[in-house]
Amino acid sequence: MTQPIIQVEQLSKAYRIGLEEKKSETLAGVIIQTLKSPFQNFKNISNLRDFRKEEESIFWALKDVSFEVNQGEVLGIIGHNGAGKSTLLKILSRITEPTSGRVRIHGRVSSLLEVGTGFHPDLSGRENIYLNGTILGMTKREIDSKLEEIIEFSGVSKYIDTPVKRYSSGMTVRLAFAVAAHLEPEILIIDEVLAVGDAEFQKKCLGKMKSVSKQGRTVIFVSHNLGAVRSLCTKGILLKAGTVIFNGNIQDTIQGYVSKKDRSLLHKGTIVEEMRTIHHGFAKVKQVILVDEYGNSREDFFYQEDISVSIKLEIIHEIADALLDIRIISEESVVIEHILNSILGGKPITLQPGSKEFLVKVKNRLAPGSYSINVGVHASAGNTLEYVEDVYSFTVLKASQEDELSYAHEFVDGYVHQKGEWQQLN
Amino acid sequence: MEAERYSITIEKKSNFQIVNLKEIVAYKDLLYFLSIRSIKARYAQSVLGIGWAVLQPLFTMLIFTIVFGGLAKINSEGVPYALFSFSGLVAWNYFSGALSDASNSLLSNTGMLSKVYFPRLVLPLSSLISKTIDFVIGLIVMALLMVGYKFMPTAQLLYFPFIVFLLLLASFGLSVLLAAWSVQFRDVKYALSFILQILMYAAPVVYPLSAVPEKYRLLYAINPMVGVVEGFRASILGVNSMPWRELGIGSITSLLALVFGLYIFSKLEKTFADVV
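Residues numbered from 1 in each chain as written. Chains lettered and ligands numbered in written order. Predicted model: local features only at pLDDT ≥ 70, side-chain atom pairs only at ≥ 80, totals over all residues. Heavy atoms only, no water.

It is worth spelling out the side chain of Glu305(A) at this point. All names here are of chain A. Structurally, Glu 305 can be placed in the loop between strand S12 (300–301) and strand S13 (307–315). Its relative accessible area of 4% is what places Glu 305 among the buried residues. A polar contact is formed between the side chain of Glu 305 and the side chain of Arg 298, at a distance of 2.6 Å. In contact with Glu 305, other than residues within four places in its own chain, are Asp 292, Arg 298, Asn 364 and Gln 401. (Helix = DSSP H or I, 4+ residues; strand = E, 2+ residues; numbered from the N terminus. Buried < 20%, exposed > 50% of the residue type's maximum accessible area, 1.4 Å probe, protein only. Polar contact = N/O pair within 3.5 Å; in protein donor to acceptor, adjacent residues only side chain to side chain. Contact = heavy atoms within 4.5 Å.)

An order of S2(A)-S1(A)-S4(A)-S1(B) is seen for the 4 strands of this open sheet, with the pairing classed as antiparallel. Both edges of this open sheet fall to strand S2 (58–69) of chain A together with strand S1 (8–11) of chain B, since each of them pairs with a single strand only. If you compare each strand with its neighbour and ignore which way they point, the axes differ by 20° on average. Sheet analysis places strand S4 (residues 100–105) of chain A next to S1(B), joined by 4 bridges and oriented antiparallel. Paired with Arg104(A) across the bridge in S1(B) is Thr9(B). Each of strand S1 (6–16), S2 and S4 of chain A together with S1 of chain B is contacted by helix H4 (residues 85–92) of chain A, which is oriented at about 115° to S1(A), the strand it contacts most. (Pairing = 2+ DSSP bridges. Axes fitted to C-alpha atoms, helices over the stretch in contact; angles between N-to-C directions.)

Bringing unusual backbone geometry into the picture now. Residue and element names in this part refer to chain A. The phi angle at Gln 304 is positive, at roughly 70°, despite the residue not being glycine. On the secondary structure map, Gln 304 appears in the loop between S12 and S13. Residues other than glycine seldom take positive phi values, yet Leu 344 does so here, at roughly 55°. Within the secondary structure, Leu 344 sits in the loop between strand S15 (335–340) and strand S16 (349–351). Judged by its relative accessible area of 87%, Leu 344 is exposed.

Attention now goes to the interface of chain A and chain B. With 48 residues of chain A in contact, the opposing surface of chain B contributes 37 residues. Scanning the region where chain A abuts chain B turns up 6 salt bridges. Here Lys13(A) and Asp274(B) are joined by a salt bridge, their closest N and O atoms 3.0 Å apart. The tally of links from chain A across to chain B stands at 9 residue pairs in polar contact (both at pLDDT 80 or more). Looking at the side of chain A that touches chain B, the elements that each hand over two or more residues are S1, helix H2 (27–46), H4, S4, helix H5 (125–135) and helix H6 (140–154) of chain A. Tallied by class, residues from the side of chain A that touches chain B come to 16 nonpolar, 15 polar and 17 charged. (Salt bridge = Lys/Arg side-chain N within 4 Å of Asp/Glu carboxyl O. Nonpolar A, V, L, I, M, F, W, Y, C, P; charged D, E, K, R; others polar.)

Below, the discussion takes up the confidence of the model for chain B. Residues of chain B with pLDDT of at least 70 account for 96%, and the chain-wide mean is 89. Here the prediction assigns the complex a pTM of 0.71, and the interface score ipTM is 0.84. (pLDDT = per-residue confidence, 0-100.)

Glancing now at the domain arrangement of chain A. Under the domain assignment used here, chain A contains domain 1 (59–257) and domain 2 (273–405). Between domain 1 of chain A and domain 2 of chain A, the C-alpha centre-to-centre distance is 42 Å. (Domains from an automatic or database assignment.)

Under the definition given, this model contains 17 aromatic pairs over all chains. Relative to Phe33(B), the ring of Tyr32(B) lies with its centre 5.0 Å away and its plane at 75°, an arrangement referred to as edge-to-face. Taken together, a centroid distance of 5.2 Å and an interplanar angle of 50° make the contact between Trp92(B) and Phe95(B) tilted. Remark: Phe95(B) and Trp92(B) occur in helix H5 (residues 81–105); sequence separation between them is 3 residues, near one turn of the helix. Neither residue differs from the other here; Trp92(B) and Phe95(B) are each classed as buried. Here the aromatic residues Tyr94(B), Phe135(B), Phe160(B) and Phe232(B) are joined through ring pairs into a cluster of three or more. Taking the ring centre of Trp60(A) as reference, the NZ or CZ of Lys63(A) above it sits at 4.0 Å. Positioned over the ring face of Phe301(A) is Arg298(A), at 5.0 Å from the centre of the ring. (Phe/Tyr/Trp six-rings, centres within 6.5 Å; stacked < 30°, edge-to-face > 60°. Lys NZ or Arg CZ within 6 Å of the ring centre and 35° of its normal.)

Attention now moves to helix H8 (residues 160–184) of chain B. Over its 25 residues, H8(B) runs 37 Å from end to end, which matches the ideal 36 Å to within 8%, given 1.5 Å per residue. Within H8(B), 19 of the 25 residues are buried, which leaves the element mostly enclosed by the surrounding structure. (Expected span 1.5 Å × (residues − 1).)

Residue and element names in this part refer to chain A. The buried count for strand S3 (residues 74–79) comes to 6 of 6 residues, which makes it a mostly enclosed element. What you see with S3 is no split at all: Val 74, Gly 76 and Ile 78 on one side and Leu 75, Ile 77 and Gly 79 on the other are buried throughout. Two elements, S3 and strand S7 (residues 218–222), share 4 bridges in a ladder whose sense is parallel. In the strand pairing of S7, Leu 75 is matched with Ile 220.

The next subject is the pairing of strand S14 (residues 319–330) of chain A. Residues and elements named next belong to chain A. Taking burial as the measure, the 12 residues of S14 include 9 buried ones, the bulk of the element. In this sheet, S16 lies alongside S14 in antiparallel orientation, the contact comprising 2 bridges. For Ile 319, the partnering residue across the bridge sits in S16 and is Leu 351. Here 5 bridges tie S14 to S15, and the two strands are oriented antiparallel to one another. Bridged to Arg 327 within S15 is His 338. Between S14 and the antiparallel strand that follows it, S15, lie 4 residues; Ser 333 among them carries a positive phi value of about 65°.

This is how it looks when you write it as structure tokens:
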């Protein structure tokens, strides 16, 4: 089998934003539109050369996307919200058609963009298995032969003849997934279905999906759960703003997706090696997190709410006269504040080998916006011994804990806010 | 090779597509279960259940018999008015029920439209099928009424299957058309209920065909249900002769509606998921 099982060639999908609204949704509107149409046509014709207007009203959800999938590959599609993942899956599942380009698929496709499509609350579990199964493209005979297995897998066999509306939501999801898990297509397209159910059940689903991919089936999988993507997929595609920006093995794709900022969110303040930009073997920053006045770790802070930085260090060799610093970094990588232990009367400290923990209270005068943190350990001579970058992302909100302190303006300027002492002199 | 059998190409389709019958056959099980679903769901958790399919037309007939037969003294061509109006109602109820159900079938299943691929035509088709249950029950009640009134059908009963075919044809074409339009124009949903009422009085349900002056008959027969309702009554009760001319004109309307409906449906079908 040298021929790819799925070939995607320059696939594009446009949605109309502006023009769509002009198209009326009511008959009366259409009548008015029809009456107005000679004027509209005239306007359109005189605007023929004005392409800008046209482009503004069109949104390209996908633009020139090409890739191939071979039989037996498990492809993970990742990207931020709005990158075009769902649109791509909808085209591959034939729910919506592309604006241009084409996809060739050689095999029977089942797509699972949701579990339990078509479930009816008044029908029994058994009846819904048949209904949902046929919606997903199974025949009655196929379902007949797998019915026992499906019921067994769902774990709701006791209630299989009870209307589904009496089920708990967990039971419904389990039943729905049980049906989906017993599809046997050559190509399976799955969107975020693992995001349902409890942890126990998710584990079961993941196991089922692993066994599906081991049977040589081709799977296309979209998920925000990078752990699941990493463990299931062999290849990956990274989408950004409707285009493929990376196509390769799954490890590299995830690496490309997880930018510095996301990485810090992903690791919740625990330092991973990529963050460590300087290391000389004297000290190791283990963890940096932001906490509120009650010691809870937080990623969002109110306007003017004080922030404490909790730093855990591992000192390997004694450092005499150590300087510790924290830098608060803007989204544009500008250093906004430099918080150094040795300024304004502060003194360098001597660090003995072992685990050390610091809590640094910081007065929060930051403008609303997103920021990140760098932490460094330096010798008093000024040479840096340990430096970690973008270890913790946080947001300062426009709202404050007390209403009158909230930031009241539409625009935000500057990085640091102060009221100033205002005196009128005339 | 098994896989080759399922090879597909996904690309922008031209506006004119012929309905893929093979695909609908492949999804016949879905059609079956969807029909079952709407039948079961319709009468779920009601005490009388399917009994409503008997009671509803019976009560309508009762009211018609009092108002039109008793008070307005409409000529029912020698047939007891109850039988006369019930025969009209059985055919009419199928048409109006199927039409309102089918035209709403896409909108009430938007979840399915936006999450799964299947031939969209299956949805209005399942409405047409699920409504045949009520139709069959209506026919049984009709038969019982005829026994009660000691009314014997004539040889014209032989035409009955043909009339049922024309009834399905009329319902199918318009259903498909309205279903496709209803996705884009919500007006269809609101307008349909009173248009159906107007259409009912524009068909010989409560009065006989002969009540319409001869010079208007050709125009009148454009409503496909004129020929069907009158033909239905003629074949079951056998009192008047079969209205062949009206059936002919009505069939042309039905066929045109079907062709146009399928054209519009296949043209709009691919945008359903984007519009709903």
